[in-house]
Amino acid sequence: LMKSLGKDVLFQELVVEGVNVIYEPSWSSTNIKHFQDNLDKKPPSLNELKSKVTLRKVLMKDVGAHIFVHGMGPHLVLADIDCEDFSAEHQGVSGSMQIISILLQTLLKSVAMTLTAPAARLFEAAQEEAQQFLSKAHLPGAGGAQGLRKSV
């Protein structure tokens, strides 16, 4: 670091442990979506353009997410994020702000996928239950589910 005057920096390993993300949905979006939309808006500084950062192993472990709706909600545990050679996977990315942006985006995507997957499965299960109910429904003078749909 001293020899390169901060122009070439090598990080062998970055470990981030015990991160908790708070997920708050609103009527039109979520705090995570809002953060993701604004993450790349800040232009890099002149020093950022001159330095080259190389990052090897990245490990994010013990990551959790709290879902807060009206101040209450469950805590979910997310899978660890493990990357053996970050710079090799993200060729051309060498600025510290770019690296931080990618790491945050990766974390937030993991949170979003973890939170939306159960909701999607729940919705699909509810649809399946409704279809089963409709297929078994028999109304007088009507043909099963078809008659129920007409009367609703």
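The sections below set out a description of the structure shown in this document. (Residues numbered from 1 in each chain as written. Predicted model: local features only at pLDDT ≥ 70, side-chain atom pairs only at ≥ 80, totals over all residues. Heavy atoms only, no water.)

What follows deals with unusual backbone geometry. Even without being glycine, aspartate 62 reaches a positive phi, approximately 55°. Within the secondary structure, aspartate 62 sits in the loop between strand 3 (52-61) and strand 4 (64-67). The class for aspartate 62 is partly exposed, based on a relative accessible area of 47%. (Helix = DSSP H or I, 4+ residues; strand = E, 2+ residues; numbered from the N terminus. Buried < 20%, exposed > 50% of the residue type's maximum accessible area, 1.4 Å probe, protein only.)

Spatially, 3 strands are ordered 1-3-6 in an open sheet, and the strand pairing comes out mixed. Every other strand in the sheet has two partners, leaving strand 1 (8-17) and strand 6 (81-83) as the edge strands with one partner each. Ignoring which end each strand starts from, the neighbouring axes of this sheet average 25° apart. Two strands pair when backbone bridges link them, and strand 1 and strand 3 are joined in this way by 9 bridges, in the parallel orientation. Each bridged residue has a counterpart across the sheet, and for valine 15 the counterpart in strand 3 is leucine 59. (Pairing = 2+ DSSP bridges. Axes fitted to C-alpha atoms, helices over the stretch in contact; angles between N-to-C directions.)

So, about the environment of lysine 7. Structurally, lysine 7 is set in the segment before strand 1. Sequence separation between lysine 7 and serine 51 is 44 residues; the distance between their C-alpha atoms is 4.1 Å.

With that settled, the discussion passes to the pattern of salt bridges. Inspection of the entire model under this criterion finds 4 salt bridges. With a closest N to O distance of 2.9 Å, aspartate 37 and lysine 33 form a salt bridge. Pair noted here: aspartate 37 and lysine 33 are both in helix 1 (residues 31-39), with a separation of 4 residues, about one helical turn. For lysine 33, a relative accessible area of 41% puts it in the partly exposed group. Across the pair lysine 57 and aspartate 82 runs a salt bridge whose closest N-O atoms are separated by 2.8 Å. Of the two residues, lysine 57 is situated in strand 3 and aspartate 82 in strand 6; the sequence distance between them amounts to 25 residues. (Salt bridge = Lys/Arg side-chain N within 4 Å of Asp/Glu carboxyl O.)

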